Amino acid sequence: NSQRVAVPKTFSQYLHTGEYHRYLARLIRDLGGEENVVTLPSLSAQEVAEELKRAEIFCLPSLCENSPNSLGEAMLMGVPCIATDVGGTETILKKDEQGLLVPSGDPAILSHSIDRLFSNPSLAESFARAGRFEAERRYAPERVVQQLLDAYESVLKVVCR
């Protein structure tokens, strides 16, 4: 009389089953963070933009990243950013110029950095402006199209030798 539970095969399926959300809710509760952490449901692109407009700081405390779109999106929206110095984050955010990069897995330095931005609004605003300027340059549609065309051109040069 046992019921069979469908096990998600991909990470995306795992997220959409609600198990990941329940895991995070349990972790927040167990760590006593219920009064300080707000979780959001899946959001549309427009809703993400609206949330970023309301944000005072964007924090990406990843252990592993490649090229985090969320960091670029926050910078584009003019949100002061803090990210861990993993993977490709340092190619997106220039340390101490466009935001703060902190070591991964060091909550003391991360919390100090968050406090630093909250206690120094002019520094946060400076990072927000510089980050937005860089993101507008980096993600300008004409630049992205040209990079894509250049990539295809270089592949064609190799293939059509």
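As the structure is a prediction and not an experimental result, all values here were calculated from the model.

**A look at the packing of helix 6 (residues 107-119) against helix 7 (residues 121-138)**
Remark: helix 6 packs on helix 7, axes separated minimally by 5 Å, with the N-to-C direction vectors making an angle of 100°. The angle between the axes of helix 6 and helix 7 places the two elements in the roughly perpendicular class. Contacts from Arg116, Leu117, Phe118 and Ser119 of helix 6 reach helix 7 at Pro121, Leu123, Ala124 and Phe127. A class-by-class count of the residues in the contact of helix 6 with helix 7 yields six nonpolar, one polar and one charged.

**Re the sheet that holds strand 1 (residues 58-60)**
Read across the open sheet, the three strands follow the order 1-2-3; overall the sheet is parallel. This sheet does not close on itself; its edge strands, each paired only once, are strand 1 and strand 3 (100-102). This sheet shows a mean twist of 15° between the axes of neighbouring strands, independent of strand direction. Here strand 2 (residues 81-84) pairs with strand 3 via three bridges, running parallel. Within strand 3, the position partnered with Ala83 by the bridge is Leu101. Helix 4 (residues 69-76) contacts strand 1 and strand 2 of the sheet and is inclined by roughly 165° relative to strand 1.

The rules behind the values
- Residues numbered from 1 in each chain as written.
- Predicted model: local features only at pLDDT ≥ 70, side-chain atom pairs only at ≥ 80, totals over all residues.
- Heavy atoms only, no water.
- Axes fitted to C-alpha atoms, helices over the stretch in contact; angles between N-to-C directions.
- Helix = DSSP H or I, 4+ residues; strand = E, 2+ residues; numbered from the N terminus.
- Parallel < 35°, antiparallel > 145°, perpendicular 65-115°, else oblique.
- Contact = heavy atoms within 4.5 Å.
- Nonpolar A, V, L, I, M, F, W, Y, C, P; charged D, E, K, R; others polar.
- Pairing = 2+ DSSP bridges.

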